[in-house]
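Chain residues, written in single-letter form:
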Amino acid sequence: MTHGTDGIDSTTYGTFGNGGSRSGEPEPQYILKMFGEVVKTFRKRARLTQEQFAPLVGYSPETVASIEQGRRLPPPDFAERADCVLDAFGVILAAAKHLTRRKGLASWFRQWAELELSALSLYTYECRLVPGLLQTPAYARTLFTDQLPPLGDEQIEAQLAARLERQRLLRERPNTSFSFILEEHLFLRDLGGEEVTRELLDHILDLSELRNVDVQIMPLARHHHAGLDGPMQLLETPDHQWFGYLEGQEHGQFVSDLKVLSALQMRCASMRSQALSLDHSKSLMRQMRGAR
């Protein structure tokens with residue numbers, strides 16, 4: 001189990017995409033920095049500022065800056081666009097081949113993680129624990145500390161860093177719509193203790209104020225529930241293609257079959273109507289926070 005639907009590399013055995021493998025190899029941060037330096041060097045060779053270069057590759061100056069500084073993995077099409085715009089002789093494309101690993105992320109999850117970087121929308125339903133994108137450091141650390149088989153200190157820190165890095169998506173992609181449906185019992189469990197839960201509720205309430213983030217609570221008492229088959233994620237790409245991701249105890253499954261996607265979309269739409277409204281969800285979270 002990856003503890004947060006974000007493919008943290010721990011005890012997971014992947015069936016993601018065309019198959020996966022168990023991997024404990026983190027991506028050295030210097031690989032991202034080296035790729036960023038390559039892009040920056042060719043950009044300067046072309047005598048372009050970040051502000052001038054960004055629209056030519058279809059991304060914001062902030063995204064370009066993050067890539068050049070080695071703070072984020074480039075979107076899937078960035079390297080090809082950059083190589084073409086900067087007439088880089090294939091050097092940027094060649095450098096991008098070394099970016100197949102992301103620190104703390106399981107190999108089978110990376111395909112999904114790369115799609116997230118440029119997604120138009122991301123829908124998440126969770127019934128087991130609070131999704132990785134919404135977790136606080138204290139909540140995430142509790143999950144990693146409780147992991148079985150136990151993790152070493154270095155593994156915990158690497159996975160925590162990967163989780164926090166991935167959470168930047170919520171604020172760095174204001175044009176991406178993030179929608180979460182969370183079961184009420186996720187907060188009633190008090191995982192990590194009352195203080196951890198109170199901080200978690202404050203954090204999610206804060207995120208729910210962002211224009212691109214919707215959080216709905218599925219109440220404990222619900223006579224009809226479309227999500228009983230388990231957690232799921234749905235993602236829309238800039239080309240308006242849809243993909244899904246289903247996570248189990250020891251694997252993650254990438255979904256591209258249109259028939260399966262149609263069923264997942266129907267369930268997600270139904271759950272959005274079955275869950276509390278946005279305002280009522282915030283009210284319930286404030287009540288749960290005040291009770292602690």
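From a predicted model like this one, the values you see are computed outputs, not experimental measurements.

**Considering the overall build of the protein chain**
Regarding its fold elements, the protein chain presents 13 helices and six strands. Residues classed as buried in the protein chain amount to 52% of the 292 residues present. Across the protein chain, the fraction of contacts at a sequence separation of at least 24, relative to all contacts at a separation of at least 6, is 76%.

**With respect to the packing of helix 11 (residues 194-207) against helix 13 (residues 278-290)**
The geometry of helix 11 relative to helix 13 is characterised by a closest axis approach of 9 Å and an angle of 155° between their N-to-C directions. On the basis of the axis angle, helix 11 is roughly antiparallel to helix 13. You can see that helix 11 and helix 13 cross each other, and the crossing is left-handed. Note on element contacts: helix 13 touches helix 11 through Lys282, Met285, Arg286, Met288 and Arg289, opposite Arg198, Leu201, Asp202, Ile204 and Leu205. A per-class count over the contact of helix 11 with helix 13 returns five nonpolar, no polar and five charged.

**So, the sheet that holds strand 6 (residues 252-255)**
Spatial strand order, 3-2-1-4-5-6: six strands in an open sheet with mixed pairing. In the strand order of this sheet, the two ends are held by strand 3 (213-218) and strand 6, each with one partner. Averaged over all adjacent pairs, the angle separating strand axes in this sheet is 15°, with direction ignored. By the bridge criterion, six bridges tie strand 1 (residues 121-126) to strand 2 (residues 177-183) in an arrangement that is parallel.

**Description of the side chain of Glu126**
Looking at the secondary structure, you find Glu126 in strand 1. The buried category is assigned to Glu126, whose relative accessible area is 0%. A polar contact is formed between the side chain of Glu126 and the side chain of Arg128, at a distance of 2.5 Å.

**Considering the environment of Asn212**
Positionally, Asn212 belongs in the loop between helix 11 and strand 3. Considered as a pair, Asn212 and Arg171 are 41 residues apart in the sequence and their alpha carbons are 8.7 Å apart. Beyond its immediate stretch of four places on either side in the chain, Asn212 contacts Leu170, Arg173, Pro174, Thr176, Ser177 and Phe178.

**Structural notes on the confidence of the model for the protein chain**
Counting all residues, the mean pLDDT for the protein chain is 86, and 86% of those residues have values of 70 or more. Here residues 8-28 is modelled with pLDDT under 50, and outside its nearest four sequence neighbours on either side it reaches 71 contacts, counting other chains as well.

**A few points about the pairing of strand 3**
Among the six residues of strand 3, five are classified as buried, and the element is accordingly described as predominantly covered. Bridge count for strand 2 against strand 3 is six bridges, and the pairing is parallel. Note that in strand 3 the partner of Phe178 across the bridge is Val213.

**Brief notes about the packing of helix 2 (residues 50-57) against helix 3 (residues 61-68)**
As a packed pair, helix 2 and helix 3 sit with axes 8 Å apart at the nearest point and diverge in direction by 105°. The angle between helix 2 and helix 3 places the two elements in the roughly perpendicular class. Seen from helix 2, the contacting residues are Gln50, Glu51, Phe53 and Ala54; seen from helix 3, they are Pro61, Val64, Ala65 and Glu68. Considered class by class, the residues forming the contact of helix 2 with helix 3 number five nonpolar, one polar and two charged.

Cut-offs and rules
Residues numbered from 1 in each chain as written. Predicted model: local features only at pLDDT ≥ 70, side-chain atom pairs only at ≥ 80, totals over all residues. Heavy atoms only, no water. Helix = DSSP H or I, 4+ residues; strand = E, 2+ residues; numbered from the N terminus. Buried < 20%, exposed > 50% of the residue type's maximum accessible area, 1.4 Å probe, protein only. Contact = heavy atoms within 4.5 Å. Axes fitted to C-alpha atoms, helices over the stretch in contact; angles between N-to-C directions. Parallel < 35°, antiparallel > 145°, perpendicular 65-115°, else oblique. Left-handed = near helix turned anticlockwise from the far one by under 90°. Nonpolar A, V, L, I, M, F, W, Y, C, P; charged D, E, K, R; others polar. Pairing = 2+ DSSP bridges. Polar contact = N/O pair within 3.5 Å; in protein donor to acceptor, adjacent residues only side chain to side chain. pLDDT = per-residue confidence, 0-100.

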